[in-house]
Amino acid sequence: MDMESRLRTRDPDRAHVFFLPFSVVRMVQYIYPRDHHDMKPLRKTVLDYINLISGRYPYWNRSLGADHFMLSCHDWGPYASGGHHHLFFNSIRVLCNANTSEWFNASRDVSLPEMNVRSNVIKVGGPSASGRPMLAFFAGGNHGPVRPVLLKHWKDKDSDVQVHEYLPKGVSYVELMKKSKFCLCPSGYEVASPRIMEAIYYDCVPVTINANYVLPFSDVLNWKAFSVQVSVEDIPNLKNILMSISPRQYIRMQRRVKTVQRHFMMNGPPQRFDLYHMLLHSIWLRRLNVRIHPQD
Ligand SMILES: *[C@@H]1O[C@H](CO)[C@@H](O)[C@H](O)[C@H]1NC(C)=O
Ligand SMILES: *[C@@H]1O[C@H](CO)[C@@H](O)[C@H](O)[C@H]1NC(C)=O
Ligand SMILES: *[C@@H]1O[C@H](CO)[C@@H](O)[C@H](O)[C@H]1NC(C)=O
């Protein structure tokens, strides 16, 4: 935000939204007693923080937090936000862990794409359909509610649908993504998967397999046009579902993957339509739903 002074103001009367700059990652690092399984100090810290700013400034009480936003990609982001009732139910929470079964509310919260890599250091792009001999690919740990089902049905079952728990030695994960027409992105411990972004970067059509997940930027991006959504129940039919997409349809979808790539790129300084602008746009859309009553 510091690089985009056009969008940031230090004059609170000119601000549409207020950022709550706390980091759940740092809190886990410094406040969570490792292996204690007691996460309460996280919530206590968030509560103290909100009490501090609501006592010190007039802005929180004016909207009960509705024009304030937090951001966290940590698995425990939603849990930490529960430290203060109004943060949890009123504020705009920008979260990777966008699980609608855990109170993520798509009309108020923002789904943050999860990523492993800094997009400005990866080499974006990949072969066209004819350079992709495999139908589908996945490699990753067998955890969470979805992957055991995927591995049970597809691990070592079919050379077109390559589902691995561990990659064979000497094989590059990125190369396999580039050899595959579709990249499987099942939920892991949490609903979001960095594979969705990776697939998009490497021109591989993402296949999201999850339940209760709100896809990022779904206010403005038509995910069905450039990705395939498969429910957990349909995992046994995965190959049929992907085979039913005609080569012409595939080419169109892959072209659209390239079209949306720029919305998932991080640039420093930010550029129009990139990830940063998309996030602020999502926040802005939600802010539009909030009316602030001027105080007498
Ligand atoms: C906001 O409300 C809280 C709780 O009612 C109160 O303790 C606090 O002093 C208020 N803040 C301001 C700036 O008046
Ligand atoms: C989601 O948020 C909107 C806007 O704040 C609210 O009207 C709605 O009741 C919420 N839905 C749920 C299920 O909490
Ligand atoms: C989403 O939340 C529900 C309710 O807590 C949970 O059962 C489910 O496993 C979560 N999904 C993932 C992928 O973690």
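Residues numbered from 1 in each chain as written. Chains lettered and ligands numbered in written order. Predicted model: local features only at pLDDT ≥ 70, side-chain atom pairs only at ≥ 80, totals over all residues. Heavy atoms only, no water.

Within an unreviewed UniProt entry, the label attached to the protein chain reads Putative glycosyltransferase, and the organism entered is Cocos nucifera. Regarding the protein chain, the relevant UniProt record gives this comment under Subcellular location (unreviewed entry): "Golgi apparatus membrane". The annotation that UniProt attaches to the protein chain under Sequence similarities (unreviewed entry) is "Belongs to the glycosyltransferase 47 family." (UniProt positions renumbered as here; feature names shortened; annotations may be inferred.)

Novice: Any chance you could explain empty space enclosed by the protein here in plain terms?
Specialist: Space left empty within the atom packing is revealed by a probe, the size of a water molecule, rolled over the atoms. Evaluation of the coordinates by the stated rule reveals 1 cavity of 30 Å³ or more. Forming the walls of the largest cavity are P113, E114, S193, I196, M197, Y213, P216, W223 and F264. Looking at the lining of the largest cavity residue by residue, the classes come out as 7 nonpolar, 1 polar and 1 charged. (1 Å grid on protein atoms, 1.4 Å probe; cavity = no way out; pocket = protein on both sides within 12 Å on 5 of 7 lines; lining within 4 Å. Points joined across faces, edges and corners; volume = space filled by probe spheres on them. Nonpolar A, V, L, I, M, F, W, Y, C, P; charged D, E, K, R; others polar.)

Novice: For this particular structure, what's the right way to read the pattern of salt bridges?
Specialist: Two side chains bearing opposite charge may form a pair once their charged atoms approach each other closely. Evaluation of the coordinates by the stated rule reveals 10 salt bridges. With a closest N to O distance of 2.8 Å, R93 and D109 form a salt bridge. You can see R93 sitting in strand β3 (residues 92-95) and its partner D109 sitting in the loop between β3 and β4 (110-111), a full 16 residues away along the chain. For R93, a relative accessible area of 0% corresponds to the buried category. Accessibility expressed as a relative area gives 1% for D109, which makes it buried. D109 is the salt-bridge partner of R108, the closest N and O atoms lying 3.3 Å from each other. R108 sits in the buried class, given a relative accessible area of 13%. Among the ionic contacts, a cluster of salt bridges with common partners joins R93, R108 and D109. (Salt bridge = Lys/Arg side-chain N within 4 Å of Asp/Glu carboxyl O. Helix = DSSP H or I, 4+ residues; strand = E, 2+ residues; numbered from the N terminus. Buried < 20%, exposed > 50% of the residue type's maximum accessible area, 1.4 Å probe, protein only.)

Novice: Looking at this structure, how should I read the side chain of S227?
Specialist: Tracing the backbone through its elements, the reader meets S227 in the loop between β8 (205-209) and β9 (228-230). In this structure the side chain of S227 is engaged in a polar contact, spanning 2.7 Å, whose partner is the backbone oxygen of W223. Among the polar contacts listed, one links the side chain of S227 to the side chain of Q229, at a separation of 2.8 Å. Not counting the four nearest positions on each side in its chain, S227 is found in contact with V205, P206 and M253. (Polar contact = N/O pair within 3.5 Å; in protein donor to acceptor, adjacent residues only side chain to side chain. Contact = heavy atoms within 4.5 Å.)

Novice: Quick question: what am I supposed to make of the packing of aromatic side chains here?
Specialist: Any pair of aromatic rings gets described here by the distance separating the centres and the angle formed by the planes. Here the structure, examined in full by the defined rule, presents 11 aromatic pairs. Where F22 meets Y49, the ring centres are 5.6 Å apart and the plane angle is 75°; that geometry is what we call edge-to-face. Linking F22 in the loop between β1 (18-19) and α1 (24-30) with Y49 in helix α2 (residues 40-56), this pair joins segments that are 27 residues apart in sequence. Taking relative accessible area as the criterion, F22 reaches 12% and is therefore assigned buried. Residue class for Y49 comes out partly exposed when judged on its relative accessible area of 23%. (Phe/Tyr/Trp six-rings, centres within 6.5 Å; stacked < 30°, edge-to-face > 60°.)

Novice: What is the right way to look at α2 in this model?
Specialist: An α-helix turns once every 3.6 residues. As a result, residues three or four positions apart point the same way. Helix length check: α2 (17 residues) gives 24 Å between terminal C-alpha atoms against 24 Å at 1.5 Å per residue, within 8%. If you check which residues of α2 are buried, you get L42, V46, I50, I53 and S54. Down the axis, α2 shows its buried residues gathered within 100° of arc, on one side only. Residues of α2 that are exposed and point over 90 degrees away from its buried face: K40, G55 and R56. At its buried positions, α2 is contacted by α1, α3 (59-63), β2 (68-72), α4 (77-81) and α5 (85-89). (Expected span 1.5 Å × (residues − 1). Arc of directions from axis to C-beta.)

Novice: Quick question: what am I supposed to make of the domain arrangement of the protein chain here?
Specialist: Interfaces are often sized by the accessible area lost when the parts come together. When the domains of the protein chain are assigned, the result is domain 1 (7-113 + 271-287) and domain 2 (129-264). Between the C-alpha centres of domain 1 and domain 2 the distance comes to 30 Å. Contacts between the two partners involve 22 residues from domain 1, matched on the other side by 17 residues from domain 2. When the two sides are added together, the surface that domain 1 and domain 2 hide from each other amounts to roughly 1,600 Å², 61% of it contributed by carbon and sulfur. At the junction of domain 1 with domain 2, the criterion picks out 1 salt bridge. Between R286 and D219 there is a salt bridge; the shortest N-O distance is 3.0 Å. (Domains from an automatic or database assignment. Buried area = accessible area lost by both parts, 1.4 Å probe.)

Novice: How should I be thinking about the site of ligand 3 in this particular structure?
Specialist: In the vicinity of ligand 3, the contacting residues are N99, S101, E102, P145, S187, Y189, E190 and V191. Within the side chain of E102, an N or O atom sits 2.9 Å from an oxygen atom of ligand 3. One of the backbone nitrogen or oxygen atoms of Y189 is found 3.0 Å away from an oxygen atom of ligand 3. Burial of ligand 3 by the surrounding chains reaches 65%, relative to a free accessible area of 350 Å². For the shell around ligand 3, the class distribution of residues is 3 nonpolar, 3 polar and 2 charged. (Near = heavy atom within 4 Å. Areas by Shrake-Rupley, 256 points an atom, 1.4 Å probe, with all protein chains shown as cover.)

Novice: I keep staring at the site of ligand 2 and nothing clicks. Help me out?
Specialist: N105, S107 and R108 make up every residue found near ligand 2. A distance of 3.4 Å separates an oxygen atom of ligand 2 from a polar atom in the side chain of S107. Against a free-state accessible area of 370 Å², the protein chains account for coverage of 31% of ligand 2.

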